[in-house]
Amino acid sequence: MATKSMGDIEKIKKKLNVLIVDDDPLNLIIHEKIIKAIGGISQTANNGEEAVLIHRDGGSSFDLILMDKEMPERDGVSTTKKLREMEVKSMIVGVTSLADNEEERRAFMEAGLNHCLAKPLTKDKIIPLINQLMDA
């Protein structure tokens, strides 16, 4: 089966407003570039507490939240649970190096994720997932 090169990958079907939550500045930059390259716009939060405050303070309505699992102040699991308690309807996708650990992945999913992806995030991983979730 032939794979698409980065130049051949399609953009997402609609322009998404994305919140990227990660404590690693390099990951924030990479994820922002991917979202921009696929036609989306993004805002960042350096940890889960910032993500909660953005929503609590009446921040933008996001179509998608990319959520790291391991962060200081508030990790991805507790942040996802809190956002769902706040009735945030955005799609939340976990992006973690622990996605291959079934127990860790299950705990993250049970917190209220729509999906979980393994780092590193790539266009190859995110575009089909976004289009699938948007069609659901």
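Residues numbered from 1 in each chain as written. Predicted model: local features only at pLDDT ≥ 70, side-chain atom pairs only at ≥ 80, totals over all residues. Heavy atoms only, no water.

- The name recorded for the protein chain in an unreviewed UniProt entry is Response regulatory domain-containing protein, from Brassica cretica.

Concerning the sheet that holds strand 2 (residues 41–45)
Item 1. Strand order in this open sheet of five strands is 2-1-3-4-5, and the pairing throughout is parallel. The open sheet is flanked by strand 2 and strand 5 (115–118), the only strands paired with a single partner. Mean inter-strand twist for the sheet, computed between neighbouring axes without regard to direction, equals 20 degrees.
Item 2. Against the sheet, helix 3 (residues 76–85) contacts strand 3 (64–67) and strand 4 (91–96), and its axis sits at roughly 155 degrees relative to strand 3. (Pairing = 2+ DSSP bridges. Helix = DSSP H or I, 4+ residues; strand = E, 2+ residues; numbered from the N terminus. Axes fitted to C-alpha atoms, helices over the stretch in contact; angles between N-to-C directions. Contact = heavy atoms within 4.5 Å.)

Overview of the environment of L113
Item 1. Structurally, the position occupied by L113 is in the loop between helix 4 (102–110) and strand 5.
Item 2. Among the residues examined, L113 registers a relative accessible area of 8% and is labelled buried.
Item 3. Separated by 46 residues in sequence, L113 and M67 have C-alpha atoms that sit 8.9 Å apart.
Item 4. Apart from the residues within four sequence positions on either side, L113 is in contact with T80, I92, V93, G94 and F108. (Buried < 20%, exposed > 50% of the residue type's maximum accessible area, 1.4 Å probe, protein only.)

Side note on the UniProt feature "modified residue: 4-aspartylphosphate" (unreviewed entry) in the protein chain
Item 1. The UniProt record marks D68 with the feature "modified residue: 4-aspartylphosphate" (unreviewed entry), using the residue numbering of this structure.
Item 2. When its relative accessible area of 5% is taken as the criterion, D68 is described as buried.
Item 3. Once you skip the residues sitting within four places of it in the chain, D68 turns out to touch V21, D22, D23, G76, V95, F108 and K119. (UniProt positions renumbered as here; feature names shortened; annotations may be inferred.)

As for the confidence of the model for the protein chain
Item 1. Per-chain confidence: the protein chain averages 86 in pLDDT, with 86% of residues scoring 70 or above.
Item 2. Counted against residues more than four places away or in other chains, residues 1–9, with its pLDDT under 50, gives eight contacts. (pLDDT = per-residue confidence, 0-100.)

Looking at the pattern of salt bridges
It is possible for side chains bearing opposite charge to pair when their charged atoms get close.
Item 1. For the structure shown, the criterion picks out five salt bridges.
Item 2. Across the pair R74 and E49 runs a salt bridge whose closest N-O atoms are separated by 3.0 Å. Here the residue R74 occupies a position in the loop between strand 3 and helix 3, and E49 occupies one in helix 2 (residues 48–56), the gap between them amounting to 25 residues.
Item 3. Across the pair K69 and E104 runs a salt bridge, and its minimum N-O distance is 2.7 Å. Placement of K69 in the loop between strand 3 and helix 3 and of E104 in helix 4 is noted, with a sequence separation of 35 residues between them.
Item 4. On the basis of relative accessible area, E104 is assigned to the partly exposed category, the value being 29%.
Item 5. Three or more residues joined by partner-sharing salt bridges are found here, namely D22, D68 and K119. (Salt bridge = Lys/Arg side-chain N within 4 Å of Asp/Glu carboxyl O.)

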